[in-house]
Amino acid sequence: MAGRRTVTLTPIFALTQLLHLIAAVASLALAGWLLPRGRERGPAITAAAIALVLSSAWALSVVGLGIMAPVTGGLLSLSYLAWLWMLYRLFAHDERDKSVRPIRPVIFALAFVEMLRLALIVGQAQYAGVVPAEALILRFSVTFRLLFCVGALVLVHNLYAGASAQAREALRWPAAALAAIWLYDLNLSTVAYLGGEIPLTLTAFRAAALLVCVGLLAGGLIRKSGSLRFSPSRSFAFQSFSLLVIGAYLMIMVLVAQGLAYVGSDLARFVQLGFLVMATAAILTILPSRRLRGWLRVTLSKHLFQHRYDYRTEWLRFTDTIGRAAPTAAPLRERVVQSVADITDSPCGLLLTPREDGGLGLDARWQWPAIEVPAEAIEAEGASFFENSQFILDLDDLRAGRLTGVPDAASPAWLMEEQSVWALVPLLHFERLVGVVVLARPPVTRRLDWEDFDLLRVVGRQLASYLAEQGSQDALGEAQRFDEFNRRIAFVMHDIKNLASQLSLLASNAEKHADKPEFRADMLVTLRNSSDKLQALLARLGRYGRQGGEARVEIPVERLLADVAARFANRSQVVQVKREPCTIVGDREALEQALVHLVQNAIDASEDTSPVFLDIRREATDAVIEIVDSGCGMSPEFVRTRLFKPFHSSKPSGFGIGAFEARELIRAMGGTLDVESREGLGTRFLVHLPLAGMEALKRSIMNKDSEVA
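Keep in mind the model is a prediction, meaning the values are calculated, not measured. (Residues numbered from 1 in each chain as written. Predicted model: local features only at pLDDT ≥ 70, side-chain atom pairs only at ≥ 80, totals over all residues. Heavy atoms only, no water.)

Novice: When you look at the overall build of the protein chain in this model, what are you seeing that I'm missing?
Specialist: Scanning the protein chain from terminus to terminus reveals 24 helices and 12 strands. Nonlocal contacts in the protein chain, meaning residues at least 24 apart in sequence, comprise 70% of its contacts between residues at least 6 apart. (Helix = DSSP H or I, 4+ residues; strand = E, 2+ residues; numbered from the N terminus. Contact = heavy atoms within 4.5 Å.)

Structure below.
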């Protein structure tokens, strides 16, 4: 049997020896071709040539000294260190050292593991013949090789996956070459670890992996022209760091297990199992935490990168969010908030846009339905501050007293008291304030720095251009609707002309047939019908142009409100809550008409059993009238774009001019009309009118404010 075994192994031994010789010659030949061209083709070529020389020396050592000789093992480790250096130079090609800082700790850790294996080779030579020591050294040696191969393959994967499309064309060959030798050794070490001994057959055919590596390098490096352009992304760094942590965890587990096994403690298995259970429980408890992931991302960005943001990734996400045009996509203004919130990892936000009185009001919400926002969210002075300074306000700094020079109007009480509000980002277009984005506090709070300010300022200007473009489109659409309205008025005037012609003809015929009873009866019917049509039409058209032309008298507002409620006496849900005496000066008929419009709108928006409340109170120099309903409510987008725009109506038979006319009539008396609405909850209209004797004072204050501005 022994002779038969010798006959069987001899061809295999001869084949492996031949493979090692071929591999040695091929490696040395390729190294000789590459070394003179190292300068012209970059530092990765020099590293590859040195690795090939060491691999050739290892292959010759296998032929001359044997696979298990200490010198052979040492040369293999040195060649692996050289291949690792080549991998590092591929990352650092073009001297882009700053961009590869995150992988340096991984490279050093793998080099340290391989150096430990070199130390074990020296120890193996010293303890030759000591069976327990040899078994322990073998176990540790295989474990270190496993860790090295896993870490190296992770780096090879990220080298190729994290490269740009242009760099991948040149990187695929050296990456495949490195993967070939380390993947083969990973399988070999796994078999050795599980079997408890070195598989001699697999070890003898390791030269085949080297030949594959040489072939791939010859097919790739020789044909490579031009420099590699590689820039690792933050996702690559995060993945590499995670894998490094996993590798360190595996190393600790293996070392603990081997140490316990070496000591021979009866509690070894119990300790291993307990450690595994506790580690698994900790991972399942901690890793799903959004706060932990946010903290880890912030920490990595702070300590491993010169810049916090991956600008390519941020810009791609920004354009994807803002350019979404599917029917199910959120409105543009909500996407504006989302695109800013995504940059800072804020979970929700608001968009405040300019009101006609100069302040800022709520325009859109993104995932923030709970926060209460007043009708005038930021006063005109605060809006002017953001427009003139372009200041991105960190409210935590303001609350802590680290900021000075910010007016109270720019940080009203409702923002300062709401601790979930974190930052305010102005959106400017041609130095004009288009809006302010209010951001909620992210899961991991940090102070905004110069990089945040720069990126948010650039994004804010881009978003402002989108909002300005949409505003221009809305204005163009409104102009087109007015043009359509003018065309319709032309038809109305044509009908009036026809009626006038009919009356003129009737008058001329009356001179001839006035004495006939039949003509007189028909004439009276015609006159009554024409008169009714003209009176209705002229009354409707005429009242839009008055706006303050009537005599102004003192109006007891509480009595007027009672009269308005009485007009809806048949609707039991109209309830007057307070009757605080307030007197204003204005056009009683116009004010009553405006209030009737608002009450009617509230009734139409409510269920038959839902009440509509009327309230009157004094507030500083104003009388404030509230009309409150609990109907379907309105979205910020509807309030901004349609509520006070003529010819927009949510009712099929509506003209779309009720709210518009009410606001214009109230403005003509020096007042303002605000609205606060929440979808599904209801709406509150607030009418502010100057009290009698206060109108002149209020007008003078407003004039002084406008002069200062």
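Still to come is the rest of the account.
Novice: Looking at this structure, how should I read the nonpolar core?
Specialist: Nonpolar side chains in soluble globular proteins tend to be buried together. Among the nonpolar cores identified, the biggest contains 57 residues, and Trp83, Leu87 and Trp182 are the most heavily contacted of them. Mapped onto this core, the elements with two or more residues apiece are helix H1 (2-34), helix H3 (43-65), helix H4 (70-91), helix H5 (104-126), helix H6 (131-161), helix H7 (165-195) and helix H9 (206-220). For this core, the element with the highest residue contribution is H6, accounting for 12 residues. Residues within four places of Trp83 in sequence aside, it is in contact with Ala48, Ala51, Leu52, Ser55, Leu178, Ile181, Trp182, Leu210, Cys213 and Leu217. Leu598, Leu643, Leu665 and Phe685 belong to the second largest nonpolar core, which has 41 residues in total. (Core = buried A, V, L, I, M, F, W, Y, C linked by side-chain atoms within 4.5 Å. Buried < 20%, exposed > 50% of the residue type's maximum accessible area, 1.4 Å probe, protein only.)

Novice: I'm lost on helix H15 (residues 380-389) in this one. Help?
Specialist: Given 3.6 residues to a turn, an α-helix orients residues that are three or four positions apart in the same direction. Taken as a whole, H15 has its buried residues at Gly382, Ala383, Phe385 and Phe386. The arc that holds every buried residue of H15, seen down its axis, measures 155 degrees, which confines them to one face. Residues of H15 that are exposed and angled more than 90 degrees away from the buried face: Glu381 and Asn388. Contacts made by the buried residues of H15 are with strand E2 (360-366), strand E3 (393-394), strand E4 (421-429) and strand E5 (432-440). Looking at the residues trailing H15, positive phi occurs at Gln390, about 55 degrees. (Arc of directions from axis to C-beta.)

Novice: What is the right way to look at a nonpolar patch on the surface in this model?
Specialist: Together, Leu28, Leu35, Ile50, Val53 and Trp85 make up an exposed nonpolar region whose accessible area comes to about 410 Å². As for its placement among the helices and strands, Leu35 is situated in the loop between H1 and helix H2 (38-41). Residue class for Leu35 comes out partly exposed when judged on its relative accessible area of 44%. (Patch = residues over 30% accessible without salt bridge, like charges linked within 9 Å, V, L, I, M, F, W, Y side chains within 5 Å. Areas by Shrake-Rupley, 256 points an atom, 1.4 Å probe, with all protein chains shown as cover. Salt bridge = Lys/Arg side-chain N within 4 Å of Asp/Glu carboxyl O.)

Novice: What should I look at first to understand the packing of aromatic side chains in this one?
Specialist: Describing an aromatic ring pair means giving the distance of the ring centres and the angle of the ring planes. By the definition in use, this model includes 7 aromatic pairs. Judged by centre distance (5.9 Å) and plane angle (15 degrees), the rings of Tyr80 and Phe148 are stacked. A residue pair is termed long-range when its members are at least 10 positions apart, and Tyr80 in helix H4 and Phe148 in helix H6 qualify at 68 residues. Across the pair, exposure class does not vary: Tyr80 and Phe148 are buried alike. (Phe/Tyr/Trp six-rings, centres within 6.5 Å; stacked < 30°, edge-to-face > 60°.)

Novice: Can you help me understand the packing of H4 against H9 in this one?
Specialist: In a pair of packed helices, the angle between the axes and the distance between the axes together describe the arrangement. Between H4 and H9, the shortest axis-to-axis distance is 15 Å and the interhelical angle comes to 25 degrees. Taken together, H4 and H9 sit at an angle that is classed as roughly parallel. In this structure, the crossing between H4 and H9 has a hand that is left-handed. From H4, Leu76, Tyr80, Trp83 and Met86 reach across to H9, where they touch Arg206, Leu210, Cys213 and Leu217. Along the lines of polarity and charge, the residues of the contact of H4 with H9 split into 7 nonpolar, no polar and 1 charged. (Axes fitted to C-alpha atoms, helices over the stretch in contact; angles between N-to-C directions. Parallel < 35°, antiparallel > 145°, perpendicular 65-115°, else oblique. Left-handed = near helix turned anticlockwise from the far one by under 90°. Nonpolar A, V, L, I, M, F, W, Y, C, P; charged D, E, K, R; others polar.)

So, to be careful, I would describe these as geometric facts and stop short of saying anything about function.
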